[in-house]
Amino acid sequence: MDTDITHVLLVGGTGRFGGRLASALLARPGIHLHVLVRPGTHGDALAGLAEHGVTWVRGSLDDMRSLDSALEGVDAVVSAVDGAPEVRVEGQLRLLDSARRHGVIRFIPSDYSLDYADPESGGAFMDAHRQVADAVVRSGVPHSFVLCGAFMETALSPRAQVFDFERGVVSYWGTGDEPFDVTSMADAARWVAEVVVDPRATGRRLEFVGDVATVNGVAALYEELTGHVLRRVCKGGVEDLRRQLARVRPEGVTVQQPSASLALLAQLAGKGRLREPANAEYPRLRPVSVRAFLQSRWMLPSAASAALPLASQP
Ligand SMILES: NC(=O)c1ccc[n+]([C@@H]2O[C@H](COP(=O)([O-])OP(=O)(O)OC[C@H]3O[C@@H](n4cnc5c(N)ncnc54)[C@H](OP(=O)(O)O)[C@@H]3O)[C@@H](O)[C@H]2O)c1
């Protein structure tokens, strides 16, 4: 079933998600992993992988010559970069150009997000995804797009400005009953490692969903598991959030309200849903549920599992 893809270049492997991707790609038999590491970055997160025969390549998305040398002998490129538009757009377009000239047979851009084709999915903040996706399709480079909704690690952390379990507060837009898609980083990474060598995935946009949750469902689950009651704060309706997203331009995004948080807020308010999950095409992978994720986070006994107050699985 697998393609002839053996040599996979991971760009962004020193990042939060990239580190998980490196582990997942290494766990896939037959893949030889190359990781692009920027000069000055130590890649401590990847130190444990050194003995697995990884090929480390010094380089940067800002430096076309380093990309060209990183692409030598590479069959597939997986990007997990994040940063300003110069990285997300211009940098990835340089990577795509180099991949095209080197005859790469699979390119996976750094998406791992909600459905950014939905114009209500995060306003201008998802423009970078759309620009790169358009360029990838136009380039003719064989590719796959991987969407997974929100990462559980982000959506259920204070970073998303919704759940603050430490302070005992949940703040949300809408009713709190809007369903949203969530996937653990490890599961998203394992799906990418399947997709990158799967010929059926060529030219496709693959959606994966670890679980479907609601704000009220997660809050009730947390309360059930821990016995701590959360204070609920409604910040406005979904329309209010939409107006706020439309007003703030990416260049005006402050450190306190990064673009990712705004996209996540939209997601948590039920925007950008993934309607056609491809989970069933990869039956070996059984993703963790929000319940299991919360249990492992607080090391709660799994015996506490009762009826799920979450929306049903896809
Ligand atoms: N769905 C969700 O809820 C969600 C949440 C978070 C992230 N994401 C997505 O997941 C992806 C990865 O995000 P992340 O949080 O893992 O990012 P991150 O931790 O900030 O890591 C970013 C990576 O990009 C690399 N990078 C930045 N500029 C570069 C350049 N000029 N040349 C080469 N590499 C460069 C960084 O290298 P250095 O180590 O050298 O800086 C690092 O490895 C992104 O597409 C992001 O949108 C999705």
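Keep in mind it's a predicted model, so treat the numbers as computed, not measured.

Chemist: Describe the site of the ligand, with residues and values.
Modeler: Lining the immediate environment of the ligand, one finds 24 residues, of which Thr14, Phe17, Arg38, Thr41 and Ser110 sit closest. Contact between the ligand and Thr41: an oxygen atom at 2.5 Å from a side-chain N or O atom of the residue. Of all elements in the fold, only helix H1 (16-27), helix H3 (85-101) and strand E7 (150-151) reach the threshold of two or more residues within the shell around the ligand. Among the domains, domain 1 (7-149 + 183-207) and domain 2 (151-181 + 211-271 + 289-304) are the pair contributing at least three residues each to the shell around the ligand.

Chemist: Can you explain a negative patch on the surface? Please cite residues and give values.
Modeler: Judged by side-chain charge, Asp62, Asp63, Glu86 and Glu90 come together as a negatively charged surface patch. As for its placement among the helices and strands, Asp63 is situated in the loop between strand E3 (55-58) and helix H2 (64-70).

Chemist: Can you tell me about the packing of H3 against helix H4 (residues 127-139), naming the residues and giving the values?
Modeler: When two helices pack together, you describe them by how their axes are tilted relative to each other and by the distance separating the axes. Contact pair H3 / H4: the axes reach a minimum separation of 10 Å and the direction vectors enclose 15°. Classed by the angle they form, the pair H3 and H4 counts as roughly parallel. Considering only the axes of H3 and H4, their crossing is right-handed. Contacts from Arg88, Val89, Gln92, Leu93, Leu96 and Arg100 of H3 reach H4 at Ala128, His129, Gln131, Val132, Ala135, Val136 and Ser139.

Chemist: How would you sum up the packing of aromatic side chains? Please name residues and give values.
Modeler: If you walk through the whole model with that rule in mind, you get 6 aromatic pairs. Measuring from ring centre to ring centre gives 4.8 Å for Phe17 and Tyr112, while their planes differ by 55°; the resulting arrangement is tilted. On the criterion of sequence distance, the pair formed by Phe17 in helix H1 and Tyr112 in the loop between strand E5 (106-108) and H4 is long-range, its members being 95 residues apart. With centroids separated by 4.3 Å and ring planes inclined at 20°, the aromatic side chains of Phe165 and Tyr222 adopt a geometry described as stacked. Of this pair, Phe165 sits in the loop between strand E8 (163-164) and strand E9 (169-173) while Tyr222 is found in helix H7 (residues 215-226), placing the two residues 57 residues apart along the sequence. Accessibility expressed as a relative area gives 10% for Phe165, which makes it buried. Using a relative accessible area of 6% as the deciding quantity, one classes Tyr222 as buried.

Chemist: Outline helix H8 (residues 238-247), supporting the account with residue identities and numerical values.
Modeler: Listed as buried for H8 are Val238, Leu241, Gln244 and Leu245. For H8, the arc enclosing every buried residue in end-on projection is 120°, short of the 170-degree limit, so these residues lie on one face. Seen from the open side of H8, the exposed residues pointing more than 90 degrees away from its buried face are Ala246 and Arg247.

Chemist: Can you break down the pattern of salt bridges residue by residue, with the values?
Modeler: Pairing is possible between side chains of opposite charge, provided their charged atoms come close. Summed over all chains, the structure comprises 17 salt bridges. Put simply, Asp187 and Arg190 hold a salt bridge, and the shortest N to O gap is 2.6 Å. Taken as a pair, Asp187 and Arg190 lie in helix H6 (residues 185-195) at a separation of 3 residues, close to a single helical turn. The closest approach of N and O atoms between Glu207 and Arg205, which form a salt bridge, is 2.4 Å. With a relative accessible area of 34%, Arg205 lands in the partly exposed category.

How each quantity is defined
Residues numbered from 1 in each chain as written. Predicted model: local features only at pLDDT ≥ 70, side-chain atom pairs only at ≥ 80, totals over all residues. Heavy atoms only, no water. Near = heavy atom within 4 Å. Polar contact = N/O pair within 3.5 Å; in protein donor to acceptor, adjacent residues only side chain to side chain. Helix = DSSP H or I, 4+ residues; strand = E, 2+ residues; numbered from the N terminus. Domains from an automatic or database assignment. Patch = residues over 30% accessible without salt bridge, like charges linked within 9 Å, V, L, I, M, F, W, Y side chains within 5 Å. Areas by Shrake-Rupley, 256 points an atom, 1.4 Å probe, with all protein chains shown as cover. Salt bridge = Lys/Arg side-chain N within 4 Å of Asp/Glu carboxyl O. Lys, Arg positive; Asp, Glu negative; His and termini not counted. Charge placed at Lys NZ, Arg CZ, Asp CG, Glu CD. Axes fitted to C-alpha atoms, helices over the stretch in contact; angles between N-to-C directions. Parallel < 35°, antiparallel > 145°, perpendicular 65-115°, else oblique. Left-handed = near helix turned anticlockwise from the far one by under 90°. Contact = heavy atoms within 4.5 Å. Phe/Tyr/Trp six-rings, centres within 6.5 Å; stacked < 30°, edge-to-face > 60°. Buried < 20%, exposed > 50% of the residue type's maximum accessible area, 1.4 Å probe, protein only. Arc of directions from axis to C-beta.

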